[in-house]
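# Per-entry structural report
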Amino acid sequence: MKKIAVITSGGDSPGMNAAVRGAVRAAIGRGTEVIGFLHGYRGIMGNEVVPLTSKAVGGIISYGGTVLRTARSKEFMTHEGRQQAMEVLRENEVEGLVVIGGDGSLTGARTLFDEYGFPVMGVPGSIDNDISGTDFSIGFDTAVNTALEAIDKIRDTAYSHERVFVIEVMGRRNGFIALDVSLAAGAEAVLIPEVPYSLLEICDNLRAMRQKGKRSSIIVVAEGAARASDIKDFIQKSTGFEARYLVLGHMQRGGSPTAFDRVLALRLGAFAANRLLSGFKGEMAGVDGSKLVSHPLSYVLSTERSIDPEKLLLVEVMAQ
Ligand code: F6P
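Residues numbered from 1 in each chain as written. Predicted model: local features only at pLDDT ≥ 70, side-chain atom pairs only at ≥ 80, totals over all residues. Heavy atoms only, no water.

One broad trend across soluble globular proteins is that nonpolar side chains are buried collectively. Residues Val6, Val20, Leu52, Val98, Ile100 and Val123 are the most contacted members of the largest nonpolar core, which totals 31 residues. Sorting the residues of this core by element identifies strand E1 (3-9), helix H1 (16-29), strand E4 (96-101), strand E5 (120-124), helix H9 (259-277) and strand E10 (283-288) as the ones contributing at least two each. The greatest single-element share of this core, amounting to 9 residues, is contributed by H9. Residues contacting isoleucine 100, with those up to four places away along its chain left out, are Val6, Ile7, Thr8, Ser9, Met16, Ala19, Val20 and Val123. Within the second largest apolar cluster, 30 residues are counted, among which are Ala150, Ile154, Ile177 and Val190. (Core = buried A, V, L, I, M, F, W, Y, C linked by side-chain atoms within 4.5 Å. Buried < 20%, exposed > 50% of the residue type's maximum accessible area, 1.4 Å probe, protein only. Helix = DSSP H or I, 4+ residues; strand = E, 2+ residues; numbered from the N terminus. Contact = heavy atoms within 4.5 Å.)

If you want it as structure tokens, here you go:
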């Protein structure tokens, strides 16, 4: 291939820049020109081209967010939108595309591949870590550490005032962030969308903990499981314990990526570009343990990634 393009799409995640750098420098190293489109699929349709030279991706490895910007495009979900995108790709003589993003963005890549046979390679970029075919998606580790730092601080004030704190973390369809953060922060309970919970049981546990002398508690809620404010109200009414809540929100998506995310992103970006240039297409790069792997997008997008029940149980056991 003489020229390939790279986009970042959907919700940004820390480490996306490292993935762009990995893809760009791996391709340039093989004599291939690289361009980027700003704002994901929207930028392809609008021909928002930027040259991606080796120099252009210098110094970005430590930045959070994405220098290529990002967007969620409704227009690209239409046939006309994709037709337009294909015309722009052809006009720019782009022969392959690396898409860095979450499930929506990977679905877009798969559609381009299915409808037009266009060579695409996906790179999993999402703080949610809900993408199949990889143990980790780019940004998850940083998001967990960001949430953890906040919860450690909340723990200090919760302890001092002897309060219950309900903390809402991101994850509208799943509890991967909530679960890992709960284990790392030593939370007393975790509520995730995948598993039914009983607030009455949680209140009973909080009372039992008080009896044993534990006078402050942290409860982590994934945004898709419940609203932290509602949980806080229920607990306060039901137990009489003083409670507060905090929604961590989009701060979990920002910040400089951890070393783990930088290395992961760099490896996945370079691997995706290399596979594309070696003739593979319609796949997503991922990690299985420490090994790089690649799976068809059709497999990735039709397989659910499920939470580890052992981790959920461990939160309970550790809270005793
Ligand atoms: O998919 C990543 C994510 O951060 C989810 O955890 C969250 O529910 C969603 O994006 C928020 O999306 P937006 O940035 O559009 O508010």
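Back to the write-up after that little detour.
This next bit is on the domain arrangement of the protein. Once the domains are mapped, the protein shows domain 1 (3-139 + 257-300) and domain 2 (141-254). If you average the C-alpha positions of domain 1 and of domain 2, the two centres end up 34 Å apart. Between domain 1 and domain 2, the residue contacts involve 15 residues of the former and 14 residues of the latter. The junction of domain 1 with domain 2 conceals about 1200 Å² of combined surface from both sides, 47% of it contributed by carbon and sulfur atoms. Here domain 1 is connected to domain 2 by 2 salt bridges. (Domains from an automatic or database assignment. Buried area = accessible area lost by both parts, 1.4 Å probe. Salt bridge = Lys/Arg side-chain N within 4 Å of Asp/Glu carboxyl O.)

Another point: the sheet that holds strand E8 (residues 217-222). The 4 strands lie next to each other as E7-E8-E6-E9, forming an open sheet whose pairing is parallel. For this open sheet the edge positions go to strand E7 (189-191) and strand E9 (243-247), each flanked by a neighbour on one side alone. Across the sheet, the mean angle from the axis of one strand to that of its neighbour is 20 degrees, orientation sign disregarded. Where strand E6 (residues 164-169) lies against E8, 6 bridges are found, and the strand directions are parallel. Bridge pairing links valine 166 to isoleucine 219 in E8. Running over the sheet, helix H8 (residues 228-239) touches E6, E7, E8 and E9 and is turned about 170 degrees from E9. (Pairing = 2+ DSSP bridges. Axes fitted to C-alpha atoms, helices over the stretch in contact; angles between N-to-C directions.)

Glancing now at H8. If you check H8, its first and last C-alpha atoms are 16 Å apart, about what 12 residues at 1.5 Å a residue would give, namely 16 Å. All buried positions along H8 are accounted for by Ala228, Ile231, Lys232, Ile235 and Thr239. Buried positions in H8, seen along its axis, are confined to an arc of 100 degrees and lie on one side of it. Check the buried side of H8 and you find it contacts E6, E7, helix H7 (199-211), E8 and E9. (Expected span 1.5 Å × (residues − 1). Arc of directions from axis to C-beta.)

Further remarks concern the side chain of glutamate 188. Inspection of the secondary structure puts glutamate 188 in the loop between helix H6 (176-185) and E7. Overall, glutamate 188 belongs to the buried group, its relative accessible area being 8%. Among the polar contacts listed, one links the side chain of glutamate 188 to the side chain of arginine 155, at a separation of 3.3 Å. Within the structure, glutamate 188 has its side chain in polar contact with the side chain of lysine 214 (distance 2.9 Å). Sequence-distant contacts of glutamate 188, that is, excluding residues within four places in its chain, are made with Arg155, Met209, Lys214, Ser216, Ser217, Ile218 and Ala319. (Polar contact = N/O pair within 3.5 Å; in protein donor to acceptor, adjacent residues only side chain to side chain.)

Our focus in this paragraph is the sheet that holds strand E2 (residues 33-37). Backbone hydrogen bonds hold the strands of a sheet together, and the pairing may be parallel or antiparallel. Spatially, E3-E2-E1-E4-E5-E10-E11 is the arrangement adopted by the 7 strands of the open sheet, whose pairing is mixed. Every other strand in the sheet has two partners, leaving strand E3 (49-51) and strand E11 (291-296) as the edge strands with one partner each. Averaged over neighbouring strand pairs, the angle between their axes works out to 30 degrees when direction is ignored. Note that E10 and E11 share 6 bridges and pair antiparallel. By the bridge assignment for E11, valine 287 is matched with leucine 292.

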